[in-house]
Amino acid sequence: MKPIGPIALQVTGLHVALSGTTVLHDVNASIARGRWVSILGPNGAGKSTLLAAMAGLLPVQGRIELEGEELHAMPAARRARQLAWMGQSEAVGDDLSAWDVTLLGRLPHQTWFSGLDAADKAHAEQALRSMQAWQWRERYVGTLSGGERQRVLLARALAVQAPVLLLDEPLASLDPPHQADWLDLMRTLVDAGATVVSVLHEISMALQSDDMLVMQQGRVIHQGACTDALSHRALESVFDDRIQVRTVDGQLVALPRSARR
Amino acid sequence: MRDYVYQRPLVLGLLLCLATASLLLTSMLAGSNGLDDWHGLGTLFGLAPTEADSGMLAQIVWQIRMPRSLGAWLAGALLGLAGALSQAVFRNPLADPYLLGSASGASLGVCLALVGLDGSLIDIHWLARLGLTGAAFAGAMLAVVMTAALASGVAQTLRLLLAGVVVAVVLGAATSLLLQMYPHLLQSMQGFMLGSTAFVGWDSCALMLAALLPGLALAMVLGRWLDGLALGEQTAASLGLPVRPMRWVLIITLALATGAAVAHTGLIAFVGLAAPHITRRMVRWGSRHGVLLASLMGGLLLVAADLLARLLIAPRELPVGVFTALIGGAYLLWLMRRHQQSGGMS
């Protein structure tokens, strides 16, 4: 499916090698503005690598364009204001409070000598509140549980207020109510015009997004809407038909398919 | 939620300054018979017992005790700065100028410079001291780069610390070899390796201050960027921070701080590790004020240690480096034990 409307991120002929091994082979993908796209595929398919490459964090061959502009030619601060990235098992300063970590999301908006202004604090507060982390903002990140820490990291990424969000396993360690809240939040952001690309290993969660990029062995083998039957077929095939996509109560879910039959 | 003794960094900063000032004044009392040289203290304020005494006392206080105590403070502040910076750059609460091998590198640099200076540390020209500082800086820099190269990056804590130990051993062996070849350096180097403030004069103080001020200024300017590094290299880069150049600037600064401290006071262990640690426990951390406070804390610790080392077995004195190694080693052991019990680094 060709995305409709203006393109937020365009990846063309992308090759990425990490420590001498080629991880991405000739990847092409278009992420339309105001859409929520999930990258799906088995372990080692290159999902996180593609996401980090889209964030401009890896040396690449090929072309990545953000709103029509070559990503690697953009000044770092401007890129950081337009594109927020949250990595998997991101390191956190255990000595920093949740509030301080969230405020770090405002770094792209500051210059060398400028301090934090009221807007920075307002955005950080809004981000923490949307992750229901406001009440323990003074707590040390080192004393938080895995799920709580994850919510602080998400708040940090949200506080950037970037129009494009790249999130790697944002639901890791979150309990079901917070996962559901996160889905609502993404929908709100996307409805307001943001573009979200997320890597999720919970396939049923990923099926709530608008589009999917299906990856296998470093290649994007399919791009299409999550409601499209062709997308379901592609998804089932990369998981060796060990899952099946079904509609339950009007919602798409991925069910495991037993081999013992 | 952790309760801090001091909610406001400014309060802790003022307290540290106050404590340091009173210790500095106390150290003016520290004569060869212990803490009873009231005349010495009086000399500071223009009060001398008799006309005849005043000249000599003033000489002792202004030319020996004062630069020595101030030098102890400056060296401690430099080590506290280097410790806080290395903990931030290497995202490792145990990073310390010593564990990264930089102190061994600095001491090799000093040893090489001494070969050129023919072995004397006393009564040397300030230019020679500057050369000594430069050599220590070059040695510290070499050691940090070797450690980082050996650990193939700085991301892995354990590899980094092991590499630091290996580099320290190798450079230490090189120093020993030099001493074997030039035995007349042994005496100077021995005082140096034990760590001592005995050779610190006003020119040493000036050189250490010249290294401390830009280091602190840099840490204040980079402040929040340093916190950004705590989120990991990739996240810091995604926030638009120039991670690589920033890391090099910080490594050069911490090597300069270590080199300046080592060139004038020798090997004084654990101050660089303990100062940021104690500061973190006392006040909410943020690099902008944290590095400055850690530096003030390092200064206070070393002035206190130096005073105790001079008094404990007066009229003789302990080398202050031996003293800090004993206290600091005990502190580190206690920290590791706590760490084990609580299951996390706090």
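What counts and what doesn't
- Residues numbered from 1 in each chain as written.
- Chains lettered and ligands numbered in written order.
- Predicted model: local features only at pLDDT ≥ 70, side-chain atom pairs only at ≥ 80, totals over all residues.
- Helix = DSSP H or I, 4+ residues; strand = E, 2+ residues; numbered from the N terminus.
- Rg over C-alpha atoms; globule rule 2.2 N^0.38 Å.
- Buried ≥ 20, exposed ≤ 12 C-beta atoms within 10 Å, placed from the backbone.
- Contact = placed C-beta atoms within 7 Å.
- Pairing = 2+ DSSP bridges.
- Axes fitted to C-alpha atoms, helices over the stretch in contact; angles between N-to-C directions.
- Nonpolar A, V, L, I, M, F, W, Y, C, P; charged D, E, K, R; others polar.
- Parallel < 35°, antiparallel > 145°, perpendicular 65-115°, else oblique.
- Left-handed = near helix turned anticlockwise from the far one by under 90°.
- Core = buried A, V, L, I, M, F, W, Y, C linked by C-beta atoms within 7 Å.
- pLDDT = per-residue confidence, 0-100.

Counting secondary structure elements, chain A contains eight helices and 12 strands. By the compact-globule yardstick of 18 Å for 261 residues, chain A fits well, its C-alpha radius of gyration being 18 Å. With respect to the principal axes defined by its C-alpha atoms, chain A has extents near 60 × 40 × 35 Å. With 261 residues in all, chain A has 45% of them scored as buried. A separation threshold of at least 6 residues defines the contact pool for chain A, and within that pool the share at least 24 residues apart is 64%.

Residue and element names in this part refer to chain A. One open sheet accounts for six strands, arranged β6-β7-β8-β3-β9-β10; its pairing is mixed. Here the strands that pair on one side only, and so sit at the sheet edges, are β6 (83–86) and β10 (219–225). Here the average twist between neighbouring strands, direction ignored, is 15 degrees. Of the strand pairs in this sheet, strand β3 (residues 36–40) and strand β9 (residues 211–216) are connected by four bridges, and their pairing is parallel. Bridged to Ser38 within β9 is Met212. Relative to β6, helix α5 (residues 146–159) is tilted by about 170 degrees, and along the sheet it contacts β6 and β7 (164–168). Along the sheet face, helix α8 (residues 229–238) touches β3, β9 and β10 and points at about 150 degrees away from the line of β10.

Residues and elements named next belong to chain A. Summarising burial for strand β8 (residues 195–199): five of the five residues are buried, a large majority. Note: β3 against β8, four bridges, orientation parallel. Looking at the pairing, Trp36 lines up with Val196 of β8. As paired elements, β7 and β8 share five bridges and run parallel to each other. Bridge assignment links Leu165 to a residue of β8, and that residue is Val196.

Our focus in this paragraph is the interface of chain B and chain A. Facing the 25 residues of chain B at the interface are 26 residues of chain A. Elements with a minimum of two residues in the side of chain B that touches chain A: α8 (202–229) and α9 (233–238) of chain B. In the side of chain B that touches chain A, the residues fall into 10 nonpolar, nine polar and six charged.

A separate point is the sheet that holds strand β2 (residues 21–32) of chain A. Residues and elements named next belong to chain A. If you walk across this open sheet you meet the four strands as β2-β1-β4-β5, and the pairing is antiparallel. Looking at the sheet topology across the chains shown, the edges are occupied by β2 and β5 (69–70). Note: strand β4 (residues 61–66) against β5, two bridges, orientation antiparallel. Its bridge partner being in β5, Glu65 is matched across the sheet by Glu70. In the packing of helix α1 (residues 47–54) onto the sheet, the strands contacted are β1 (7–18), β2 and β4, and the crossing angle to β1 comes to about 120 degrees.

All names here are of chain B. Look at helix α1 (residues 9–28) against helix α12 (residues 287–311): their axes get within 10 Å of each other, and the N-to-C directions meet at 25 degrees. The angle between the axes of α1 and α12 places the two elements in the roughly parallel class. The interaxial crossing formed by α1 with α12 has left-handed handedness. Of α12, the residues touching α1 (which contributes Pro9, Leu12, Gly13, Leu16, Cys17, Ala19, Thr20, Leu23, Leu24, Thr26 and Ser27) are His289, Leu293, Leu296, Met297, Gly299, Leu300, Val303, Ala304 and Leu307. Looking at the contact of α1 with α12, its residues break down into 14 nonpolar, six polar and no charged.

One finds Leu166 of chain A together with Leu78, Leu81 and Val110 of chain B to be the most contacted residues of the largest nonpolar core, which totals 188 residues. The element best represented in this core is helix α3 (residues 51–89) of chain B, accounting for 17 residues. Excluding anything up to four places from it in sequence, Leu166 of chain A contacts Leu51, Met54, Ala55, Leu83, Ala84, Trp85 and Val197 of chain A.

All names here are of chain B. Secondary-structure assignment places Pro97 in the loop between α3 and α4 (102–117). Residue classification places Pro97 among the buried positions, given that 35 C-beta atoms sit within 10 Å. Excluding residues within four positions of it along the chain, Pro97 makes contact with Leu79, Ala82, Gly83, Ser86, Ser102, Ala103, Leu254, Thr258 and Gly272.

Low pLDDT marks stretches whose predicted atomic positions should not be read closely. Residues and elements named next belong to chain B. When the pLDDT values of chain B are averaged, the result is 82; 84% of them are 70 or greater. For chain B, strand β2 (residues 34–35) is the element with the lowest average pLDDT, namely 60, and α12 is the one with the highest, namely 91. With pTM at 0.86, the complex prediction returns an ipTM value of 0.90.

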